[in-house]
Amino acid sequence: LASLEISAAAGSATLRRKEVTVAMSMQDFAERMRQWGWQGDNCHKPLLLFGDDASEVRKAHAMLQEEGFTAITNAWTREAVAAALRRPP
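Summarised in this report is the structure supplied together with it. Bear in mind that the values here come from a model prediction, so they are computed numbers and not experimental data.

**Some remarks on the pattern of salt bridges**
- With the rule as written, the count across this model stands at five salt bridges.
- The shortest N-O distance in the salt bridge between Glu5 and Arg16 comes to 3.2 Å. With a gap of 11 residues between them, Glu5 in strand β1 (residues 2–7) and Arg16 in strand β2 (residues 12–17) connect regions that are remote in the sequence.
- The exposure class of Glu5 is buried, given its relative accessible area of 14%.
- Note that Arg34 is salt-bridged to Glu67, the shortest N-O span being 2.9 Å.

**Re the layout of surface pockets**
- Computed from the structure, the largest pocket encloses a volume of approximately 180 Å³.
- Lining the largest pocket are Leu15, Arg17, Lys18, Val20, Val22, Met24, Arg32, Met33, Gln35, Trp36 and Gln39.
- Residue assignment for the lining of the largest pocket shows that the elements contributing at least two residues are β2, β3 (20–25) and α1 (29–38).
- Per element, the largest residue contribution to the lining of the largest pocket is four residues, and it comes from α1.
- Grouping the amino acids of the lining of the largest pocket by side-chain chemistry returns six nonpolar, two polar and three charged.

**A short note on the environment of Arg86**
- Relative to the elements of secondary structure, Arg86 occurs in helix α3 (residues 78–86).
- Residue classification places Arg86 among the exposed positions, given a relative accessible area of 63%.
- A sequence separation of 17 residues divides Arg86 from Phe69, and the C-alpha atoms of the two residues are 28 Å apart.

**Here we look at the sheet that holds strand β4 (residues 47–51)**
- With respect to topology, five strands assemble into an open sheet ordered β3-β2-β1-β4-β5, the strand pairing being mixed. Looking at the sheet topology across the chains shown, the edges are occupied by β3 and β5 (72–77). The sheet shows a mean angle of 15 degrees between the axes of neighbouring strands, direction not considered.
- Summarising the sheet, β4 and β5 pair through five bridges and their orientation is parallel. By the bridge assignment for β5, Leu47 is matched with Ile72.
- Across the sheet, α1 lies against β1, β2, β3 and β4, angled at about 145 degrees from β3, the strand it touches most.
- Packed on one face of the sheet, α3 meets β1, β4 and β5 and runs near 105 degrees to β5.

Conventions used here
- Residues numbered from 1 in each chain as written.
- Predicted model: local features only at pLDDT ≥ 70, side-chain atom pairs only at ≥ 80, totals over all residues.
- Heavy atoms only, no water.
- Salt bridge = Lys/Arg side-chain N within 4 Å of Asp/Glu carboxyl O.
- Helix = DSSP H or I, 4+ residues; strand = E, 2+ residues; numbered from the N terminus.
- Buried < 20%, exposed > 50% of the residue type's maximum accessible area, 1.4 Å probe, protein only.
- 1 Å grid on protein atoms, 1.4 Å probe; cavity = no way out; pocket = protein on both sides within 12 Å on 5 of 7 lines; lining within 4 Å.
- Points joined across faces, edges and corners; volume = space filled by probe spheres on them.
- Nonpolar A, V, L, I, M, F, W, Y, C, P; charged D, E, K, R; others polar.
- Pairing = 2+ DSSP bridges.
- Axes fitted to C-alpha atoms, helices over the stretch in contact; angles between N-to-C directions.
- Contact = heavy atoms within 4.5 Å.

Structure representation (structure tokens):
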């Protein structure tokens with residue numbers, strides 16, 4: 001599972017997968033995600049998307065779908081992710 005955090009306030013996105021963290025500016029976002037997506041069929045692996053601005057997260061989600069990402073879960077906000085992790089089973 002990889003996660004992609006959109007930070008509208010900082011104008012950046014952070015992709016995390018296992019021990020690797022890759023930060024990118026939103027200007028480079030589409031190109032960097034396109035390149036990463038087609039390396040090793042990453043575009044078909046689970047990707048958790050969230051961020052600090054619902055509008056920017058929605059735009060990122062649409063762009064990823066357009067680029068062929070097939071397993072995106074849009075959690076919308078960091079708070080929603082944290083709340084889901086705290087829920088008892």
